[in-house]
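# Overview (structure and organization)
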Amino acid sequence: MTEQMSNGEIIAYYKADLERLARYIPWLQKIEGTAVSQSYGDNGVADHSIKFPVYDSTLLSFVREADKSCFMNRNYPYIYSWNRLNGMESELTLIENATIRDMEKLGGILSRYILGGRTKAKLWSDGATYGIYLAILEKALELVAFWEGQPME
């Protein structure tokens, strides 16, 4: 969608949602490498029922915000196949090497974790624990700041 936009139009398209999501960066930095979900199964419940994940409330707020953002792309599997993404290492490499013209790719990776987490519960917490969300937001902010000619906050 953004391939026919100018750099300024790309920035205008993503900036408001990026600023809304950026307020989660301090929390994402704090929790990187730690678990943000637990399986509910205490007090013998696990013996008689299915375990299910219980998520950190801030993670759920982030997921709701991200889900309403322009970064969401239901066609994210195509972004994965076109860019031959097959795991966290390739995702992080793409994020690290992204340019302003790759904002849609960053959104595709974010979409995989947010939209995919609806059916594969582990994705929401993996995105936070392994720093995927943090890397996407920091890179997107860096790109916007660079193209606007402003120092990063």
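Read on for a plain summary of the structure. If you're wondering where the values come from, they're calculated on a predicted model, not measured in any experiment. (Residues numbered from 1 in each chain as written. Predicted model: local features only at pLDDT ≥ 70, side-chain atom pairs only at ≥ 80, totals over all residues. Heavy atoms only, no water.)

### Brief notes about the nonpolar core
With 46 residues, the main nonpolar core has L28, F62, M103, L110 and Y133 as its most contacted residues. Residue assignment for this core shows that the elements contributing at least two residues are α1 (7–22), α2 (25–31), α4 (57–67), α5 (76–82), α6 (88–97), α7 (103–116), α8 (122–129) and α9 (132–148). Sequence-distant contacts of Y133, defined by excluding residues within four places in its chain, comprise L28, L59, F62, L110, Y113, I114, L123, W124, G127 and A128. (Core = buried A, V, L, I, M, F, W, Y, C linked by side-chain atoms within 4.5 Å. Buried < 20%, exposed > 50% of the residue type's maximum accessible area, 1.4 Å probe, protein only. Helix = DSSP H or I, 4+ residues; strand = E, 2+ residues; numbered from the N terminus. Contact = heavy atoms within 4.5 Å.)

### As for the side chain of T129
Inspection of the secondary structure puts T129 in helix α8. Every residue in contact with T129, bar those within four places of it in the chain, is listed here: E32, G33, T34, A35 and V36.

### Thoughts on the packing of aromatic side chains
With the rule as written, the count across this model stands at nine aromatic pairs. Summarising the aromatic geometry, the rings of F62 and Y133 are spaced 4.8 Å apart at their centres and angled 45° between planes, so their arrangement reads as tilted. Here Y133 lies in helix α9 and F62 lies in helix α4, a separation of 71 residues in the sequence. Each of the two residues, F62 as well as Y133, counts as buried. Judged by centre distance (5.5 Å) and plane angle (85°), the ring pair of F146 and W147 falls under edge-to-face. Classification of F146 by relative accessible area gives exposed; the value is 60%. The exposure class assigned to W147 is partly exposed, which follows from its relative accessible area of 43%. Ring pairs connect the aromatic residues Y24, F62, Y113 and Y133, which therefore count as one cluster. The lysine or arginine in question, R112, covers the ring of Y113, its NZ or CZ lying 5.0 Å from the ring centre. (Phe/Tyr/Trp six-rings, centres within 6.5 Å; stacked < 30°, edge-to-face > 60°. Lys NZ or Arg CZ within 6 Å of the ring centre and 35° of its normal.)

### Focus on the pattern of salt bridges
Inspection of every chain in the model, using the stated rule, returns 10 salt bridges. Here R112 makes a salt bridge to E91, at a shortest N to O gap of 3.2 Å. With a gap of 21 residues between them, R112 in helix α7 and E91 in helix α6 connect regions that are remote in the sequence. Judged by its relative accessible area of 24%, R112 is partly exposed. What makes E91 buried here is its relative accessible area of 1%. Each member of the salt-bridge network shares a partner with another, and the members are D17, R20, R23 and E65. (Salt bridge = Lys/Arg side-chain N within 4 Å of Asp/Glu carboxyl O.)

### Regarding the environment of N7
Looking at where N7 falls in the secondary structure, it is placed in helix α1. The exposure class assigned to N7 is partly exposed, which follows from its relative accessible area of 22%. For N7 and V144, which are 137 residues apart along the polypeptide, the C-alpha to C-alpha distance reads 9.3 Å. If we ignore the near neighbours within four places in the chain, the residues touching N7 are I100, R101 and W147.

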